[in-house]
Amino acid sequence: MPRAPKTKPLENIPTGGPQHVAIIMDGNGRWAQARGRPRLFGHHAGAKRVREVVEACPDLGIKYLTIFAFSTENWKRTQTEVAGLMSLFRRYIAKETRALAEHGTRVRFIGDRMRLDRKLIKLMDNLEKETENNDRVHLTIALNYGGRDEVARATRRLAQDVADGNLCPDDVNEETLPRYLDTHVLPDPDLVIRTSGEARISGFLLWQSAYSEYEFIDTLWPDFTAKELGELVVSYRTRDRRFGAVAV
Ligand code: IPE
Ligand code: IPE
Ligand code: MG
C-alpha cells in the first residue's frame, strides 16, 4: 500500500482565512506563579505549546504563523530570567529543528539579532537555512523584536538609501516603506491573538497590524491549545473586515 503523503495537498485547505495569524504568547510567568513554581518553569511549559499550534495550522488554512517570543523591552527582566530565556531559545531551536523541518515548516526570525549571543544567532541562521525550501507553514519567530525598534531600524536603512541616491524621497510611500521592515516577505497579519487577558499589543507588529482583527483571550499561553486556535479561526470568519470602506 502506498504510504500517505507527509504533506496534504494545498487544495484541502479551507478558505475564508485567516491566512496569517500572529500570537503574543503571554502569561507564562503567571501560569508558573499559580503553581508556586519559578517563572522559567512557565516559559518551558509555554515553549512546549508551540509545536501543537504550528502543526494545527495547515488544517485551519493558516499559511503564516508569527509568534512573539521575546521583546526588546524584555531585557528589563532579572538577569536570571533573561539568561534562562536565552538558554531556553538555544535548547528549543536545537531540539525542534528536525520536527519543524519534517513538518514542512519554514522558519524565519524577526527582530534585532545584534544583541543576541553568537551561539544563538548561529542556531537561528541554521534553522532558517535548514527549512528554507519548505512551504507548508511559514513560522516567524519574533525574538528581540520591538515594533518601534523595527520601524527605527527600517528608517535608518531607508535614510541610507536616500543618502546614497538609491531612493528618491518622493518615492517613500506605503508600498516602499514596508520593504525595509523585518517582515518584508510576509503578508500583513489578518488576526492577532494575545493570551493572558492583557488588552495591549506591547509593540507587536505596529505597522503590519494596522487593519488586523484582534482577539484578547484570558487563557494563559501554557494552557493554549490547537482547539482554542480553531475556535478563534471560526470566529474570525464571521467578522466583517471593511478596511475603511462601506460594507456592500
Ligand atoms: C510571556 O510570558 C513570555 C515572555 C514575555 C518572554 P510572561 O513572562 O510575560 O508572563 P506573565 O505576563 O508575567 O504572566
Ligand atoms: C509581550 O509580553 C512580549 C512577549 C509575549 C514576548 P510582555 O509580558 O513582555 O508585555 P507587557 O510587559 O505585559 O506589556
Ligand atoms: Mg507578560
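Figured I'd write up the structure that's included with this text. (Residues numbered from 1 in each chain as written. Chains lettered and ligands numbered in written order. Predicted model: local features only at pLDDT ≥ 70, side-chain atom pairs only at ≥ 80, totals over all residues. Heavy atoms only, no water.)

## What to know about the layout of surface pockets
There is about 640 Å³ of room inside the largest pocket. As for the largest pocket, its lining consists of 33 residues, and the residues nearest its centre are Met25, Asn28, Phe68, Ala69 and Phe70. Only helix 1 (28-33), helix 2 (39-60), strand 2 (64-71), helix 3 (79-102) and strand 4 (137-145) provide two or more residues apiece to the lining of the largest pocket. Here the residues of the lining of the largest pocket are counted per class, giving 18 nonpolar, 8 polar and 7 charged. (1 Å grid on protein atoms, 1.4 Å probe; cavity = no way out; pocket = protein on both sides within 12 Å on 5 of 7 lines; lining within 4 Å. Points joined across faces, edges and corners; volume = space filled by probe spheres on them. Helix = DSSP H or I, 4+ residues; strand = E, 2+ residues; numbered from the N terminus. Nonpolar A, V, L, I, M, F, W, Y, C, P; charged D, E, K, R; others polar.)

## Regarding the site of ligand 2
Within the structure, ligand 2 sits among Ile24, Met25, Asp26, Phe68, Ala69, Phe70, Asn74, Arg77, Arg194, Arg200 and Ser202. One of the side-chain N or O atoms of asparagine 74 is found 2.9 Å from an oxygen atom in ligand 2. Between ligand 2 and the protein, one listed contact pairs an oxygen atom with a side-chain N or O atom of serine 202 at 2.6 Å. Taken by itself ligand 2 offers 390 Å² of open surface, and the protein chains cover 78% of this. In terms of residue count, strand 2 provides more of the shell around ligand 2 than any other element does, 3 residues in total. Along the lines of polarity and charge, the residues of the shell around ligand 2 split into 5 nonpolar, 2 polar and 4 charged. (Near = heavy atom within 4 Å. Polar contact = N/O pair within 3.5 Å; in protein donor to acceptor, adjacent residues only side chain to side chain. Areas by Shrake-Rupley, 256 points an atom, 1.4 Å probe, with all protein chains shown as cover.)

## Some remarks on the site of ligand 1
Around ligand 1 there are 13 residues in total, and Asp26, Gly29, Arg30, Arg39 and Arg77 lie nearest to it. In the model, an oxygen atom of ligand 1 is placed 2.9 Å from a nitrogen or oxygen of the aspartate 26 side chain. Between arginine 39 and ligand 1, the recorded distance is 2.8 Å, taken from a side-chain N or O atom to an oxygen atom. Contact with the protein chains removes 87% of the 380 Å² of surface that ligand 1 exposes when unbound. The cavity that encloses ligand 1 is the largest pocket. Sorting the residues of the shell around ligand 1 by element identifies helix 1, helix 2 and helix 3 as the ones contributing at least two each. Looking at the shell around ligand 1 element by element, the count peaks at 3 residues for helix 1. Looking at side-chain class alone, the shell around ligand 1 contains 3 nonpolar, 5 polar and 5 charged residues. (Sits in = over half its atoms within 2 Å of the grid points.)

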